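# Topology and contacts: notes
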Amino acid sequence: MAIALFLTGKDETQWQQAIHRLDPNIPVYTPKDAFSDDQITFAVLWRHPQGLLQRFKNLRAVCSAGAGLDHIRTDPDVSPGVVVYRIVPDSLIRAMVEYATYAVLFFYRRFDKYAELRQQQKWLQLPQNSPADIRIGVMGAGKIGEAIIRHLRQMGFVVTGWAKHRRMISDVVIEAGLQALPQFLSQQDILLMVLPAERELRDLLNEERIKYLKKGIRLINLGRGDVIRESDLLMAIASGQIEAAFLDVFATEPLSGSHPFYNHPRIHITPHIAALTDVDDAAAEIAKYYRQSHQ
Ligand code: GLV
């Protein structure tokens, strides 16, 4: 019984040490260690190579090293009997709420416009709104989406949601289903997407649905990039249908150096940093799930 860490782009030794600090009795291996594949009952994965899991015949559980499960859901070697965990510590939710709030305030307080005016050496005071004048549509209402919805609502914005299941989050209506999308999209001043990567959601925001948006809407995406068809977004910004976008995630990451988003004056980008998983918080969740799956 042991944990294997396969974390592309992350320092596996740091994760191993953090788990050992919590519980030195849990055997944890990185790809650099010598171990027998048959020992591995729990694999912690981040963008792992396809085929990897075929090595581990005694696997009981896999755990994503972050909130997203894309790399696990698309792996045909995760057999139905294997339990799937993901790591969503409070610190990650807090960071996502911070990022969402920053991006919303950036547009709501017109910092994008003021940056443009400054470039033109223009001193101009634009009208100031109040949050109650701004309708924000949040797409995705899992743990992270829900926290964002509650926070923006508390700030006084007019919030509605769209997610898998229709429900209420305090006084916020969460719509569901593709048939609800045209009306939902047409109502928003800011559209904030925090959807996971799922086959059915791919290219959800495409040319056809962009037509439903209110002209001049501002778009924020901090979920997964493949829910937006990027070529259609570029066209929508060129036509003014979408005024500007604030994006942390992209259809293909890392974004290639020649990608048009880098130099676009109305597209504000960050390199998938909305919430970086805290290693100690993650280690605590991994140790908990490891024990759970070995009871
Ligand atoms: C980050 O994108 C995560 O899934 O944790």
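Structure shown above.
Here is a short report on the structure shown in this document. (Residues numbered from 1 in each chain as written. Predicted model: local features only at pLDDT ≥ 70, side-chain atom pairs only at ≥ 80, totals over all residues. Heavy atoms only, no water.)

## Considering the site of the ligand
For clarity, the cut-off: By convention in these notes, a residue is near a molecule or strand provided one of its non-hydrogen atoms lies within 4 Å of it. Contacts described as polar in this section are N or O atom pairs within 3.5 Å, which, within protein, must combine one atom able to donate a hydrogen with one able to accept it, while residues neighboring in sequence count only if both atoms come from side chains. Residue type decides the class: Asp, Glu, Lys and Arg count as charged, Ala, Val, Leu, Ile, Met, Phe, Trp, Tyr, Cys and Pro as nonpolar, and the leftover types, Gly among them, as polar.
Contacts to the ligand come from Trp46, Gly66, Ala67, Gly68, Leu92, Arg224 and His272. With respect to the ligand, the side chain of His272 contributes an N or O atom lying 2.6 Å from an oxygen atom. When the residues that make up the shell around the ligand are grouped by side-chain class, the tally is three nonpolar, three polar and one charged.

## What about the side chain of Lys113?
Formally: A run of DSSP states H or I qualifies as a helix once it reaches four residues; a run of E qualifies as a strand once it reaches two. Both are numbered from the N-terminal end. Pairs of residues are marked as contacts when any of their non-hydrogen atoms sit within 4.5 Å.
Structurally, the position occupied by Lys113 is in helix H4 (residues 111–119). Discounting residues that sit within four places of it in the chain, Lys113 has contacts with Leu126, Glu243 and Arg266.

## So, the sheet that holds strand E10 (residues 190–193)
The condition that has to hold: Two strands pair under a simple rule: DSSP has to find at least two bridges between them. Axis angles are defined between N-to-C directions and span 0 to 180 degrees, where every axis is a line fitted to C-alpha atoms and, for a helix, only to the segment in contact.
In space, the eight strands of this open sheet follow the order E8-E9-E7-E6-E10-E11-E12-E13, with mixed pairing throughout. With one partner strand each, in any of the chains shown, strand E8 (167–169) and strand E13 (267–269) form the two edges of the open sheet. Here the average twist between neighbouring strands, direction ignored, is 20°. With three bridges connecting them, strand E7 (residues 158–163) and strand E9 (residues 172–176) associate as parallel partners. Bridge pairing in E9 places Ala163 opposite Ala176.

## Some details on the environment of Asp281
This is how the line gets drawn: For every residue, the accessible area (1.4 Å probe, protein chains only) is compared with the maximum for its type, and the residue is labelled buried under 20%, exposed over 50%, or partly exposed between those bounds.
With respect to the helices and strands, the residue Asp281 is situated in helix H9 (residues 279–292). Using a relative accessible area of 29% as the deciding quantity, one classes Asp281 as partly exposed. Between the alpha carbons of Asp281 and Ser91 there is a distance of 7.6 Å; along the sequence they are 190 residues apart. For Asp281, the residues in contact, after removing those within four places along its chain, are Pro89 and Ser91.

## Observations regarding the nonpolar core
The following threshold applies: For our purposes a nonpolar core is just a set of buried Ala, Val, Leu, Ile, Met, Phe, Trp, Tyr and Cys residues, chained together by side-chain atoms within 4.5 Å.
By size, the foremost hydrophobic cluster in this structure holds 37 residues, and its most contacted members are Ile136, Ile144, Ile148, Leu152, Leu192, Ile220 and Leu222. Contributing elements (two or more residues each) for this core: helix H3 (90–108), strand E6 (135–139), helix H5 (143–154), E7, E9, E10 and strand E12 (242–247). Looking at this core element by element, the count peaks at twelve residues for H3. Ranked by size, the runner-up nonpolar core spans 28 residues in total, among them Leu185, Met193, Leu204 and Val227.

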